[in-house]
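Observations on the three-dimensional arrangement
This is what each chain is made of:
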Amino acid sequence: METKQSKIMEKFAEYFKEVIYGGIDGIVTTFAVVAGFAGAALSADATTQLSFVIVLLFGLANLFADAASMGLGNFLSVRSEKDLYAVERAKELAQIRTDKPSEIEETLALLKARGFSDTDATTLTGIYQHNEEYWLDFMMHHEHEMPDPRSENEVFTGLATFLSFMAFGSIPLLPFMVSTSADPATVFTYSCIGTFLALVVLGLLKWKVVGGKLRSSLLEVVLVGGTAAILAYYVGTFFAM
């Protein structure tokens, strides 16, 4: 019997792509705001205090706006994919029912292209004709090369992206929330450390869900996310005053 933990991991795995995508984008996007502050290299006390407020205002506004944009974008993407699939599937079904000889020829060609002999391809095509739904699935996958998105839940997909973006994207901002009177360089250092640790957590999640080697999972996520964060920092230096 499956344990409760394994069921949770399976459910989490369904939306793992959204968690990773939203998490990395949230970290990097918010870090770009922080990097802009660091690149400005402000040192006057009054200006520094004002800059802390600016970082939080722009950072939080960016965090909520981008998280909502990505979540809704993912929602609409899955919804559109399902609508397109439904339209193409209806067309293919109509062709199977109104022009079966042509569909049989297409099925034979597809099977032969995948290494089946003439005899085996003919046998399989004959079997498919007795199961219209399976035949339709075969044609959608192999002729149209369209994965079946009907099992995807666009609401949960969008929500997973939004929550992941918010959770991981808030980490670079945390030092600015709790250390408003500290030295800007010190706070930025804490933000960099938090960003790195957040990427490590994403790498650990990838390893836990996907499996494979721990080192590879960590390096892949940390290097990709770290590279994007470093680029964000250097873009921020262009605003140095």
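Structural data are supplied above this passage.
Quantities reported herein were computed from a predicted structural model and do not represent experimental measurements.

1. Considerations on the overall build of the protein chain
Summing up its helical and strand segments, the protein chain has 10 helices and zero strands in all. When the helices and strands of the protein chain are read in sequence order from the N terminus, they spell out α-α-α-α-α-α-α-α-α-α. When burial is assessed residue by residue, the protein chain has 37% of its 241 residues classed as buried. Considering only contacts in the protein chain between residues 6 or more positions apart, those separated by 24 or more positions represent 77%. With the model as given, the accessible surface of the protein chain reaches about 13800 Å², and the carbon-plus-sulfur share is 66%.

2. Observations regarding the nonpolar core
Note that soluble globular proteins tend to have their nonpolar side chains buried in a common cluster. Membership of the largest hydrophobic core comes to 14 residues, with the highest contact counts inside it found for L111, Y128, W135, F138, M139 and M140. Top element by residues in this core is helix α6 (residues 132-142). It accounts for five residues. Apart from residues no more than four positions distant in its own chain, M139 is found in contact with E92, E103, E106, T107, L110 and H144. Of all hydrophobic cores here, the second largest spans 12 residues; its members include A198, V200, L202 and V222.

3. Digging into the packing of aromatic side chains
For the structure shown, the criterion picks out three aromatic pairs. Chaining the aromatic ring pairs together yields one cluster made of Y128, Y134 and F138.

4. Side note on the packing of helix α4 (residues 100-113) against helix α5 (residues 118-128)
Viewed as axis vectors pointing N to C, α4 and α5 meet at an angle of 135°, and their least axial separation amounts to 9 Å. With respect to their mutual orientation, α4 and α5 come out oblique. With respect to the hand of their crossing, α4 and α5 are arranged in right-handed fashion. Contacts between α4 and α5 pair I104, T107, L108, L111 and K112 from the former with D118, A121, T122, L124, T125 and Y128 from the latter. Among the residues forming the contact of α4 with α5, the class breakdown is six nonpolar, three polar and two charged.

5. A look at the pattern of salt bridges
According to the stated counting rule, one finds nine salt bridges in the structure shown. Note that R97 and E132 form a salt bridge whose closest N and O atoms lie 2.8 Å from each other. Of this pair, R97 sits in helix α3 (residues 45-98) while E132 sits in helix α6, and the two are 35 residues apart along the sequence. A relative accessible area of 32% places E132 in the partly exposed class. The shortest N-O distance in the salt bridge between K112 and D118 comes to 3.5 Å. Where salt bridges share partners, they join R89, E133, D137, D148 and R150 into one cluster.

6. Structural notes on the packing of α4 against α6
For the pair α4 and α6, interaxial distance at closest approach is 11 Å and the crossing angle is 60°. With respect to each other, α4 and α6 are oriented oblique. Read as a crossing pair, α4 and α6 show a hand that is left-handed. Within the contact between the two elements, α4 uses K100, E103, I104, E106, T107, L110 and L111 and α6 uses W135, F138, M139 and H142. Its residues assigned to classes, the contact of α4 with α6 shows six nonpolar, two polar and three charged.

7. Focus on the environment of E92
Mapping E92 onto the fold places it in helix α3. On the basis of relative accessibility, which here comes to 1%, the residue E92 falls in the buried class. Each C-alpha atom, one on E92 and one on D137, is 9.7 Å from the other, the two residues being 45 residues apart in sequence. The residues touching E92, leaving out its near neighbours within four places in the chain, are E103, L136, M139, M140, E143 and H144.

8. Some details on unusual backbone geometry
The backbone of E145 shows a phi angle near 55°, a positive value even though the residue is not glycine. Mapped onto the elements of the fold, E145 is located in the loop between α6 and α7 (154-169).

9. Brief notes about a nonpolar patch on the surface
Together, L60, F64, L174, M177 and V178 give the surface a local cluster of nonpolar side chains, amounting to about 460 Å² of exposed area. When residues of the nonpolar patch are traced back to their parent elements, those giving at least two are α3 and α8 (174-178). Looking at which element gives the most residues to the nonpolar patch, the answer is α8, with three residues. Take L60: it is sitting in helix α3. Accessibility expressed as a relative area gives 32% for L60, which makes it partly exposed.

Calculation criteria
Residues numbered from 1 in each chain as written. Predicted model: local features only at pLDDT ≥ 70, side-chain atom pairs only at ≥ 80, totals over all residues. Heavy atoms only, no water. Helix = DSSP H or I, 4+ residues; strand = E, 2+ residues; numbered from the N terminus. Buried < 20%, exposed > 50% of the residue type's maximum accessible area, 1.4 Å probe, protein only. Contact = heavy atoms within 4.5 Å. Areas by Shrake-Rupley, 256 points an atom, 1.4 Å probe, with all protein chains shown as cover. Core = buried A, V, L, I, M, F, W, Y, C linked by side-chain atoms within 4.5 Å. Phe/Tyr/Trp six-rings, centres within 6.5 Å; stacked < 30°, edge-to-face > 60°. Axes fitted to C-alpha atoms, helices over the stretch in contact; angles between N-to-C directions. Parallel < 35°, antiparallel > 145°, perpendicular 65-115°, else oblique. Left-handed = near helix turned anticlockwise from the far one by under 90°. Nonpolar A, V, L, I, M, F, W, Y, C, P; charged D, E, K, R; others polar. Salt bridge = Lys/Arg side-chain N within 4 Å of Asp/Glu carboxyl O. Patch = residues over 30% accessible without salt bridge, like charges linked within 9 Å, V, L, I, M, F, W, Y side chains within 5 Å.

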